[in-house]
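# Results of the structural survey
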Amino acid sequence: MFDITLITMGKLKEKFYISAASEYQKRLSGYCRFTLLELPESRLPEDPSPAEISGGLEKEADLILAKIPKGAWFCVFTPEGKELSSELFAQTLKNVKSSGKSSACFLIGSSFGMAPRVKQRADLKLSMGPMTFPHHLARIMVLEQIYRAEAIQAGSKYHK
């Protein structure tokens, strides 16, 4: 069975986000071994300077890079990334599996993004589109799209 890891910065606090995330994690268990890793965001002052932001992102980068499973295909969600339809995302994941990889790892960075070295490590940079979403909602959207990709590959009627 294929392993999928989702690394996120920060924890969900609102019950409705926690409930939605749990539902998609449960659904994913039928298709893959799914792991969610919540890493702590760097604490920054109320109005951080660019240097403070950069320093915080570098600390987060150390945590992130240490948690990417060895040999995993790695995808980050970033505004400058590529936009894919659900079908193309499913095909991309299918191609990763058929390439011999046994795991994929996805990352949703912190509210300030991610360090350039994390983006450089990525096999794919994906964008969720030009709109801005709260990170907690982005997590639910990513979980749903990973589930949808798995359902498409399995020929499920979930994707209409």
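Structure first, text after, so check above.
I will try to describe carefully the structure that is included in this document. (Residues numbered from 1 in each chain as written. Predicted model: local features only at pLDDT ≥ 70, side-chain atom pairs only at ≥ 80, totals over all residues. Heavy atoms only, no water.)

## Re the overall build of the protein
What counts is decided by this rule: Note on conventions: DSSP H or I runs of at least 4 residues are helices, E runs of at least 2 residues are strands, and numbering of each starts at the N terminus. Just to be clear, the radius of gyration here is over C-alpha atoms, and the globule rule we use is 2.2 Å times residues to the power 0.38. A 1.4 Å probe rolled over the protein chains alone gives each residue an accessible area, and that area as a share of the maximum for its type sets the label: buried under 20%, exposed over 50%, partly exposed in between. Contact between two residues is taken to exist if any of their heavy atoms lie within 4.5 Å; hydrogens are not considered. Here the open area of atoms and residues is found with the Shrake-Rupley method and a 1.4 Å probe, where only the protein chains shown may cover a residue. The charge count treats Lys and Arg as positive and Asp and Glu as negative. His and the chain ends do not count. Note that the charge is assigned to NZ on lysines, CZ on arginines, CG on aspartates and CD on glutamates.
Counting its secondary structure elements, the protein contains five helices and five strands. What you see in the protein, going N to C, is helices and strands ordered as β-α-β-α-β-α-β-α-β-α. Relative to its length of 160 residues, the protein is compact, with a C-alpha radius of gyration of 16 Å against a globular reference of 15 Å. Each of the three principal axes of the protein carries a C-alpha extent, and together these read 50 × 35 × 25 Å. The proportion of buried residues among the 160 residues of the protein is 41%. Of all intrachain contacts in the protein linking residues separated by at least 6 positions in sequence, the fraction that spans at least 24 positions is 85%. Accessible surface, the protein: about 8,900 Å² in total, of which carbon and sulfur atoms supply 54%. Put simply, the protein has 22 plus and 17 minus side-chain charges, and the middle of one group is 8 Å from the middle of the other.

## Regarding the packing of helix H3 (residues 86–98) against helix H5 (residues 135–154)
Inclusion rule: Only the contacting stretch of a helix is used when fitting its axis, a line to C-alpha atoms as for every element, and angles between N-to-C directions run 0 to 180 degrees. The scheme is simple: roughly parallel for angles under 35 degrees, roughly antiparallel for over 145, roughly perpendicular for 65 to 115, oblique for anything else. By the convention adopted, Pro, Cys, Tyr, Trp, Phe, Met, Ile, Leu, Val and Ala count as nonpolar, Lys, Arg, Asp and Glu as charged, and the other residues, Gly among them, as polar.
Two elements in contact, H3 and H5, have axes separated by 8 Å at closest approach and are oriented at 70°. In terms of orientation, H3 lies roughly perpendicular with respect to H5. Residue-level inspection shows Ser-86, Glu-87, Phe-89, Ala-90, Leu-93, Lys-94 and Lys-97 of H3 in contact with H5, the latter providing Gln-145, Ile-146, Arg-148, Ala-149, Glu-150, Ile-152 and Gln-153. For the contact of H3 with H5, the per-class residue count stands at six nonpolar, three polar and five charged.

## Some thoughts on the environment of Phe-16
Its location among the elements puts Phe-16 in helix H1 (residues 15–28). The exposure class of Phe-16 is exposed, given its relative accessible area of 55%. Here the alpha-carbon distance between Phe-16 and Glu-83, two residues 67 residues apart in the chain, equals 27 Å.

## Considering the environment of Ser-110
Its place among the elements puts Ser-110 in the loop between strand E4 (103–108) and helix H4 (116–121). Between the alpha carbons of Ser-110 and Gly-10 there is a distance of 7.2 Å; along the sequence they are 100 residues apart. Setting aside chain neighbours within four positions, we find Ser-110 in contact with Met-9, Glu-41, Leu-57, Glu-60 and His-135.

## Some words on the nonpolar core
Threshold: Working definition of a nonpolar core: buried Ala, Val, Leu, Ile, Met, Phe, Trp, Tyr and Cys residues. They are joined through side-chain atoms within 4.5 Å.
With 28 residues, the main nonpolar core has Ile-4, Trp-73, Leu-93 and Phe-106 as its most contacted residues. Those elements that place two or more of their residues in this core are strand E1 (3–9), H1, strand E3 (73–82), H3, E4, strand E5 (124–126) and H5. Counting residues per element, this core draws most heavily on H5, which supplies six residues. When neighbours within four sequence positions are excluded, Trp-73 is seen to be in contact with Thr-92, Leu-93, Val-96, Lys-101, Ser-103, Ala-104, Cys-105, Phe-106, Asp-123 and Leu-124.

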